[in-house]
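Each chain, written out:
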Amino acid sequence: MKQLVKHIVAGAMLGSALVSTSVMAEQKVAVVDVQGIFQAMPQAAEIQNAIQAEFKDQLEEVNQLQRDGQFYAERLQRDAATMSDTEKKELEQKILSVREELSKKGQPLQQNIQRRSNEERNKLLGLIKQAIDSVAAKQGYDLVLNAGAVAFAKEEHDLSEQVLQQVSKTN
């Protein structure tokens, strides 16, 4: 009796494994290199240039502060031996004030640039997602995976080029 139960259970397990394998075989799976598509999109470079232009004045101000601080530090290092104590203290005070100004302006600027970059990046990723959905639906794919998460995929299952063409059409 125990043997019969073991055989029935083993047969049921084997049967369910075969059924699940056949169901998996019927699914059409593809991969897409989302990062590669993002980098190849002409919109990505345009957005980066637009963000640089948007923050141009603030970036120039921060860069000028950095140059001033570097100039003062080099001057202090170079001329410290010939400077009076008063001149040294004045120069050290200038260096400290430039550093404070840099931290006051630099970090918020960096955060604003990062925030804007993320906003624009998310818009482009939305376009990529729409293109993936469109291409996958047209070609009858059941599942599309990110190529970065897949160890191996045959070239014919890579939809990256079609998705890039679809994204390029939308702009």
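What you see is a predicted model, and the numbers here were worked out from it, not measured in a lab.

Enquirer: Would you take a moment to explain the environment of proline 42 for this structure?
Expert: Take proline 42: it is sitting in helix H3 (residues 42-54). Sequence separation of proline 42 and valine 167 is 125 residues, and the distance between their C-alpha atoms is 9.8 Å.

Enquirer: Any chance you could explain the packing of aromatic side chains here in plain terms?
Expert: Aromatic rings considered in pairs are described by the distance between their centres and by the relative angle of their planes. For the structure on display, the rule yields one aromatic pair. Lysine 28 extends its terminal NZ or CZ atom over the ring of tyrosine 141, reaching a point 4.7 Å from the ring centre. Against the face of phenylalanine 38 rests arginine 121, its NZ or CZ located 5.9 Å from the ring centre.

Enquirer: What exactly am I supposed to notice about the nonpolar core here?
Expert: Taken as a class, soluble globular proteins show a tendency for nonpolar side chains to be buried jointly. Ile37, Met41, Ile128, Leu159 and Val163 are the most contacted members of the largest nonpolar core, which totals 23 residues. Contributing elements (two or more residues each) for this core: strand E1 (29-32), helix H2 (34-40), H3, helix H5 (85-139) and helix H6 (160-170). Looking at this core element by element, the count peaks at eight residues for H5. Contact partners of methionine 41, with chain neighbours within four places excluded, come to Leu124, Ile128, Leu164 and Val167. Residues Tyr72, Leu76, Met83 and Leu91 belong to the second largest nonpolar core, which totals six residues.

Enquirer: Explanation requested: the pattern of salt bridges in the structure shown.
Expert: Close approach of charged atoms lets side chains of opposite charge pair. According to the stated counting rule, one finds eleven salt bridges in the structure shown. In this structure, the salt-bridge partner of arginine 67 is glutamate 60, at a minimum N-O distance of 2.8 Å. We classify glutamate 60 as partly exposed; its relative accessible area is 42%. Among the ionic pairs, arginine 115 bridges to glutamate 119, the shortest N-O distance being 3.0 Å. Taken as a pair, arginine 115 and glutamate 119 lie in helix H5 at a separation of four residues, close to a single helical turn. Its relative accessible area of 42% is what places arginine 115 among the partly exposed residues.

Procedures and definitions
Residues numbered from 1 in each chain as written. Predicted model: local features only at pLDDT ≥ 70, side-chain atom pairs only at ≥ 80, totals over all residues. Heavy atoms only, no water. Helix = DSSP H or I, 4+ residues; strand = E, 2+ residues; numbered from the N terminus. Phe/Tyr/Trp six-rings, centres within 6.5 Å; stacked < 30°, edge-to-face > 60°. Lys NZ or Arg CZ within 6 Å of the ring centre and 35° of its normal. Core = buried A, V, L, I, M, F, W, Y, C linked by side-chain atoms within 4.5 Å. Buried < 20%, exposed > 50% of the residue type's maximum accessible area, 1.4 Å probe, protein only. Contact = heavy atoms within 4.5 Å. Salt bridge = Lys/Arg side-chain N within 4 Å of Asp/Glu carboxyl O.

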